[in-house]
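Below, each chain spelled out in residue letters.
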Amino acid sequence: MSTSISSPAGSGTTAAPGRPIGELIFALMVISIGVVGFVAGASIQTPPSASDIGPKAFPYLVSGMLVLVGTGLVIQLLRGGTGVPEEGEDVDPNIATDWATVGKLAGFVLLHSFLIVPLGWPIAAAVLFFGAAWSLGARPWFRNLITAIVLALVLQFVFAGLLGVSLPAGFLEGFGVFGG
Amino acid sequence: MSLLEGFAVAAQPMYLLFALGGVLVGTAVGVLPGIGPAMTVALLMPLTYSLEPTAAIIVFAGIYYGGMYGGSTTSILLNTPGESSSIVTALEGNKMAKAGRGAAALATAAVGSFIAGTIATVLLSFVAPYVAAFAVQIGPVEYVALMVVAFLTVGALLGSSVLRGLASLALGLFIATMGFDSLTAQQRYTFGSPFLADGIDVVLVAVALFAVGEALYVASRLRHGPIKVIPVTGGWTKWMRKEDWRRSWRPWLRGTFIGFPVGTIPAGGADVATFLSYASERKLAKGARKKQFGKGAIEGVAGPEAANNAAAAGVLVPLLTLGIPTTATAAMLLVAFQRYQIPVGPQLFENDSALVWALIASLYVGNLMLLVLNLPLVGIWVKILQIPRPYLYAGILVFAALGAFSVNFTPIDVIILLILGILGFFMRRFGYPVAPMVVGLILGPIFENQLRRSLAISQGDPVALVSSPIAAVIYVVLIIIFVLSFWMRKRQSALEAETAADLEDDVDDGTGTPRASAAQGGPDADGTSGTASAAPGDPVEPADPGAAAGVSGAESTPGPDIVSGGAHSGASSTKNRKESP
């Protein structure tokens, strides 16, 4: 009947053309971390008092594992054995990667990290929520804004006020219930 | 005796409230896609700053058990499963729901989870002290052997690709070596940065990989459009008929006794247990019931759900007696203990017996609460399932940032969180499991210490690592586990291919049995053909799709629409399976 669902073999849409190259870069990164492990590991000092194998052996072991496994992955990839992207309820395997949204989300997390100290945690958190919800397509903006402010205040109240986690309260400094 | 003392602690109103809070949060996150118990415990790690150990551990244990219950609701009512361990449940439970039998599927899952959880907790109460008493006697050499087993099984068996799992594990071990060496106080891989001198905090890595990585990954391929939930009909007291009870109780018990032992060995956690239970139920079914498998057999929900919960209790045996986590959530529980400077290992039952027994007692209590809460409250869980996804993932990011900032109260940690989160994004994209990395990061330092102690005792002779009889036995068991699990994995993919093929056939000819076509929804259910909502053979369930939608609280979506939505996602998930190599 419906051709779109009964022809699984022909629809190679999930494998974006760039993916094997991305995977290859990731595998090479695994190898290079191992190489860095060996190079930087050489400068680890072994105190003469060490009675055991010392602080170098285990890092070398792990670096060796990274190089070996990474090489194995590169070989596997060159033979065509690509990875299976993770599945999930909210993940639509049939659409192309939305890099813009990923970039926006990462940008808002970064912005959040810069706002915590000057403006306080509640404002930084509200900005993060508002920006992330907007990036993910939530409309209208005023509902996002209200949700963001309420969530930030509730979290500040619960974690800083009730549980004593010292989040900088920013403009709420001085209100005991919001901690600080 | 000690268990009774544990109950005396856990039954205090304060702790009952903490347990209730834990199971509620646990069920909610179990229901929600994209967020699981491991992520939740990681996100709530700031609780350890203000709560005393017993309270925090009870909350986390409640989240652990609650997540197991919630996952089954999602896999039955939404086509794609939340917890990996519930995938098998989706095979049958989702078909049952589409055939109008969702209520029975939910009930058999909840009751089965309760029975299995309770029996498995009893087993845990009796087995764990003996294992601990034995474990106290073993030395570092045996420890090294046990941890090698844990590393290799977690690394190689948790994901779909052995090499990618091992790469993930190695990355975790590498991060674990960063910072000061605990024995000689030498700096390792700090690259001169004061931020790396203390190493990268486990919570930071866990939150980044589980929460930020997941949010970025879902954002890159977010499924748009309304969330299609299959409606549940009728009052919860009438959910299971006599026939359902008769068909369920044996699978519950079998699932329990399959799940608990599998959970105790590091063989891939609940996944393997649910699959084994499903395979055995399928094999044991006879005649017409056997034909029902793949189309909504209640045994295929009852057994795996029971096995799932029993395995969850089983996982606590190696965690509490040896300090070895075999799943991501167990790893986060271990971190919670570490936050309180409570050494988890064979000494735990001696040194902190009050805490351990309060934890175990709270598992009994939590299980009972979950049974009582789950069935009547299913309407609430369905509502939670429909949270707008932008808000869900924005909220996850805010919680992640909160968790990261509160590690050291410095914004630098939020930036490290982002970097590791991007790593988690690419790991998901390229099929690397993230759990081995977290386990490696947590067990790495313990492993290194034991390894160095072993080699110090043997004066550097590596043969000593395998010459101890117990260690040799452990390595032999490791080989057996590997052979067995590869065999099981082969069977699992064969079974999945078979089920997928069944589904394809039904969709293609479109003239299957009434029950089968109801299960598929029919590819052309476009609103005019609202016939395929409930099998005619189901006298108790109302067959009117409109009424069904009304009861579930699925907003104003008309019934046939829901069914057709289900059919489409069902077909797309089949496609997924087929495309996987």
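Computed from a prediction, not measured in an experiment: that's the story for all the values here. Within every chain, residues take consecutive numbers counted from 1 along the sequence as written. Starting at A for chains and at 1 for ligands, labels are handed out in the order in which the entities are written. Restriction of local features to residues with pLDDT of at least 70 applies here, the model being predicted, together with a cutoff of 80 or more for giving and counting side-chain atom pairs; totals for whole chains, interfaces and linings are based on all residues. Hydrogens and waters are ignored; side-chain quantities use all the structure's heavy atoms.

Undergrad: How should I be thinking about the overall build of chain A in this particular structure?
TA: Counting from the N terminus, the helices are the DSSP runs of H or I reaching at least four residues and the strands are the DSSP runs of E reaching at least two. A tally of helices and strands in chain A yields 6 helices and 0 strands. Going from the N terminus to the C terminus, chain A shows its helices and strands as α-α-α-α-α-α. The long-range share in chain A, meaning contacts at least 24 apart out of those at least 6 apart in sequence, stands at 51%. Note that accessible areas follow from Shrake-Rupley with a 1.4 Å probe, and for residues the cover is restricted to the protein chains shown. With an accessible surface of roughly 8700 Å², chain A has 73% of that area assigned to carbon and sulfur atoms. Two residues form a contact once any of their heavy atoms are found within 4.5 Å.

Undergrad: How do you make sense of the overall build of chain B when you look at a structure like this?
TA: Along chain B, the regular secondary structure elements total 25 helices and 2 strands. Under the scheme applied here, a residue whose accessible area is under 20% of the maximum for its type counts as buried, over 50% as exposed, and between as partly exposed, the area being computed with a 1.4 Å probe on protein chains only. Counting every position in chain B, which comprises 581 residues, the buried fraction comes to 66%. The long-range fraction of contacts in chain B, counting pairs at least 24 apart against all pairs at least 6 apart in sequence, stands at 78%. A total of about 19800 Å² of accessible surface is found on chain B, and carbon and sulfur atoms cover 67% of it.

Undergrad: Got a minute to help me understand a positive patch on the surface in this structure?
TA: To count toward a patch, a residue needs a relative accessible area over 30% and no salt bridge; like charges are then connected within 9 Å, while nonpolar side chains (Val, Leu, Ile, Met, Phe, Trp, Tyr) are connected within 5 Å. By salt bridge we mean one thing: a side-chain nitrogen of Lys or Arg within 4 Å of a carboxyl oxygen of Asp or Glu. This count recognises Lys and Arg as positive and Asp and Glu as negative, with His and chain-terminal groups excluded. Charge coordinates come from a single atom per side chain, which is NZ of Lys, CZ of Arg, CG of Asp or CD of Glu. Together, Lys283(B), Lys286(B), Lys290(B) and Arg491(B) make up a region of like positive charge exposed at the surface. Among the structural elements, Lys290(B) can be located in helix α12 (residues 287-292).

Undergrad: What is the right way to look at the packing of helix α5 (residues 121-135) of chain A against helix α18 (residues 389-408) of chain B in this model?
TA: The description of two packed helices rests on the angle between their axes and on the distance between the axes. For every element, the axis is a line fit to its C-alpha atoms; helices are fit only across the contacting stretch, and the angle between N-to-C directions ranges from 0 to 180 degrees. One way to put it is that α5(A) packs onto α18(B) with a least axis distance of 8 Å and a crossing angle of 150°. For α5(A) against α18(B), the interelement crossing comes out right-handed. Contact with α5(A), carried on its side by Trp121(A), Ala125(A), Leu128(A), Phe129(A), Ala132(A) and Ala133(A), involves Pro390(B), Tyr391(B), Ala394(B), Gly395(B), Leu397(B), Val398(B), Ala401(B), Leu402(B) and Phe405(B) of α18(B) and no other residues of that element. Left-handed describes a crossing in which the near helix is turned anticlockwise from the far one by less than a right angle; the clockwise case is right-handed.

Undergrad: Would you take a moment to explain the packing of aromatic side chains for this structure?
TA: Two aromatic rings are characterised by how far apart their centres lie and by the angle between their planes. Here the aromatic set is Phe, Tyr and Trp, taking the six-membered ring for Trp, and pairing holds for ring centres within 6.5 Å; pairs whose planes are under 30 degrees apart are stacked, those over 60 apart are edge-to-face, and all others are tilted. On inspection of all chains with the given rule, the structure shows 23 aromatic pairs over all chains. Ring centres of Phe159(A) and Phe399(B) lie 6.4 Å apart, and the angle between their planes is 75°; this geometry places the pair in the edge-to-face category. One end of the pair, Phe159(A), is in helix α6 (residues 141-162); the other, Phe399(B), is in helix α18, on a second chain. In this structure Phe159(A) comes out as buried when scored by relative accessible area, which is 5%. Three or more aromatic residues joined by ring pairs make a cluster, and in this case those are Phe26(A), Trp99(A), Tyr217(B), Phe425(B), Phe426(B), Phe430(B) and Tyr432(B).

Undergrad: What's the story with the side chain of Thr73(B) in this structure? I'm lost.
TA: All names here are of chain B. Counting through the fold element by element, Thr 73 comes out in helix α5 (residues 53-77). Given a relative accessible area of 3%, Thr 73 falls into the buried group. Thr 73 has contacts with Val 31, Leu 78, Leu 106, Asn 374, Val 378 and Trp 381, leaving out every residue within four places of it along the chain.

Undergrad: What should I look at first to understand the pattern of salt bridges in this one?
TA: As a working rule, side chains carrying opposite charge can pair if their charged atoms are close by. All names here are of chain B. Within this structure, the stated rule accounts for 16 salt bridges over all chains. One salt bridge in this structure joins Arg 289 and Glu 243, with 3.7 Å as the shortest N-O distance. Of this pair, Arg 289 sits in helix α12 while Glu 243 sits in helix α10 (residues 242-264), and the two are 46 residues apart along the sequence. Residues joined by salt bridges that share partners form a network here, namely Glu 243, Arg 246, Arg 247, Arg 289 and Glu 299.

Undergrad: Can you walk me through unusual backbone geometry in this structure?
TA: Between Arg139(A) and the following residue, Pro140(A), the backbone shows a cis peptide bond with an omega angle of -5°. One non-glycine residue, Tyr189(B), lies in positive phi territory at about 50°. Tracing the backbone shows Tyr189(B) in the loop between β2 (187-188) and α9 (202-220). In this structure, Phe191(B) is a non-glycine residue whose phi angle is positive, near 50°. Within the element layout of this structure, Phe191(B) appears in the loop between β2 and α9. Owing to a relative accessible area of 52%, Phe191(B) belongs among the exposed residues under this scheme.

Undergrad: Explain the environment of Gly70(B) to me, please; I cannot follow it from the model alone.
TA: Residue and element names in this part refer to chain B. Along the chain, the position of Gly 70 falls in helix α5. Expressed as a C-alpha distance, the spacing of Gly 70 and Leu 32, which sit 38 residues apart in the sequence, is 8.0 Å. Apart from the residues within four sequence positions on either side, Gly 70 is in contact with Thr 27, Gly 30 and Val 31.

Undergrad: It is not clear to me how the interface of chain A and chain B should be interpreted in this structure. Could you clarify?
TA: When the parts of a complex come together, some accessible area is lost, and that lost area is often used as the size of the interface. At the interface, 87 residues of chain A touch 91 residues of chain B. Note on definitions: buried area is the accessible-area loss of two parts on being combined, 1.4 Å probe, summed for both. For the pair chain A and chain B, the summed buried area comes to about 8100 Å², and 72% of that belongs to carbon and sulfur atoms. When residues of chain A are sorted by the area they lose upon contact with chain B, Phe58(A), Glu89(A) and Asp90(A) head the list and together hold 11% of the total. For the pair chain A and chain B, the number of links is 3 salt bridges. The residue Arg164(B) makes a salt bridge to Glu23(A) at a minimum N-O spacing of 2.9 Å. Polar contacts here mean pairs of N or O atoms no more than 3.5 Å apart (in protein, one a potential hydrogen donor and the other a potential acceptor; neighbouring residues in sequence count only if both atoms are side-chain atoms). At the junction of chain A and chain B, the tally comes to 19 residue pairs in polar contact (both at pLDDT 80 or more). Where the side of chain A that touches chain B is concerned, the elements lending two or more residues are α1 (3-6), α2 (19-41), α3 (57-78), α4 (99-119), α5 and α6 of chain A.

Undergrad: Is there a simple way to think about the confidence of the model for chain A in this case?
TA: As a general rule, the predicted coordinates of low-pLDDT regions are not to be interpreted in detail. For chain A, per-residue confidence averages 84 on the pLDDT scale, and 87% of positions sit at 70 or higher. Per residue, pLDDT measures the predictor's confidence, with a range of 0 to 100. Here residues 1-18 of chain A scores under 50 on pLDDT; set against residues more than four positions off or in separate chains, the count is 23 contacts.

Undergrad: Mind showing me how you'd approach α10(B) here?
TA: Given 3.6 residues per turn, any residue in an α-helix points the same way as the ones three and four places further on. Residues and elements named next belong to chain B. To estimate the expected span of a helix, subtract one from its residue number and multiply by 1.5 Å. A rise of 1.5 Å per residue sets the reference length of α10, with its 23 residues, at 33 Å; its end C-alpha atoms lie 34 Å apart and thus fit the reference within 8%. Values of bend correspond, residue by residue, to the angle between axes fitted over the seven residues ending at that residue and the seven starting there. Taking the largest bend as the criterion, α10 deviates by roughly 30°, centred on Ser 248, and proline Pro 251 comes between one and four positions later. Taken as a whole, α10 has its buried residues at Asp 244, Arg 247, Ser 248, Pro 251, Trp 252, Gly 255, Thr 256, Ile 258, Gly 259, Phe 260, Val 262 and Gly 263.

Undergrad: Honestly, empty space enclosed by the protein in this entry has me stumped. Any pointers?
TA: The probe, sized like a water molecule, is rolled over the atoms to show the empty space still left. All names here are of chain B. Cavities and pockets were defined on a 1 Å grid built from protein atoms only: a cavity is a group of points that admits a 1.4 Å probe but offers it no way out, a pocket is an open group of points flanked by protein on both sides within 12 Å along at least five of seven lines, and a lining residue is one with an atom within 4 Å of any such point. Grid points are joined across faces, edges and corners, and a volume is the space filled by probe spheres set on the points. Counted under the stated rule, the structure contains 7 cavities of 30 Å³ or more. Considering only enclosed or pocket space, the second largest cavity measures out at about 60 Å³ in volume. Contributions of two or more residues to the lining of the second largest cavity are made by α5 and α6 (87-135). Per-element accounting of the lining of the second largest cavity gives the leading share, 4 residues, to α6. Among the residues making up the lining of the second largest cavity, the classes are represented as 6 nonpolar, 4 polar and no charged. Ten residues, namely Ala, Val, Leu, Ile, Met, Phe, Trp, Tyr, Cys and Pro, are considered nonpolar, four, namely Asp, Glu, Lys and Arg, are considered charged, and the remaining ones, Gly among them, are considered polar.

Undergrad: Just checking my understanding: could you explain a nonpolar patch on the surface for this structure?
TA: All names here are of chain A. Side chains of Trp 141, Phe 142, Leu 145, Ile 146, Ile 149, Val 150 and Val 154 sit close together on the surface and give an oily, nonpolar patch of about 670 Å² of accessible area. Counting through the fold element by element, Phe 142 comes out in helix α6. Taking the relative accessible area as the measure of exposure, Phe 142 reaches 46% and is therefore partly exposed.

Undergrad: Where do I start with the packing of α4(A) against α5(A) in this structure?
TA: All names here are of chain A. Relative orientation of the contacting elements α4 and α5 amounts to 170°, with a least axis distance of 8 Å. When the axes of α4 and α5 are compared, the pair comes out roughly antiparallel. Mapping the contact onto sequence places Thr 101, Lys 104, Leu 105, Phe 108, Val 109, Leu 111, His 112, Leu 115, Ile 116 and Leu 119 in α4 and Trp 121, Ile 123, Ala 124, Ala 125, Val 127, Leu 128, Gly 131, Ala 132, Trp 134 and Ser 135 in α5. Across the contact of α4 with α5, the residue classes tally to 15 nonpolar, 4 polar and 1 charged. Relative orientations are named as follows: roughly parallel for angles under 35 degrees, roughly antiparallel for angles over 145 degrees, roughly perpendicular for angles from 65 to 115 degrees, and oblique for any other angle.

Undergrad: Just to check I follow, could you spell out the nonpolar core for this structure?
TA: One recurring pattern in soluble globular proteins is that nonpolar side chains are buried together. The biggest cluster of nonpolar side chains holds 223 residues, and the ones touching the most others in it are Trp121(A), Phe60(B), Ile200(B), Phe210(B) and Met332(B). Source of the domain bounds: an automatic or database domain assignment. Shared between two domains, this core takes at least three residues from each, and those domains are domain 1 (17-78) and domain 2 (99-178) of chain A. By convention a nonpolar core is built from buried Ala, Val, Leu, Ile, Met, Phe, Trp, Tyr and Cys residues, the set being connected through side-chain atoms within 4.5 Å. Residues Val88(B), Ala270(B), Ala285(B) and Ala307(B) belong to the second largest nonpolar core, which totals 17 residues.

Undergrad: It is not clear to me how the confidence of the model for chain B should be interpreted in this structure. Could you clarify?
TA: Residue and element names in this part refer to chain B. When pLDDT is averaged along chain B, the result is 80, and 82% of the positions lie at 70 or above. Mean pLDDT values for the elements of chain B range from 33 in helix α25 (residues 559-579) up to 95 in helix α19 (residues 411-429). Of the regions scoring below 50 in pLDDT, residues 507-581 engages in 117 contacts with residues more than four places distant in sequence or in other chains.

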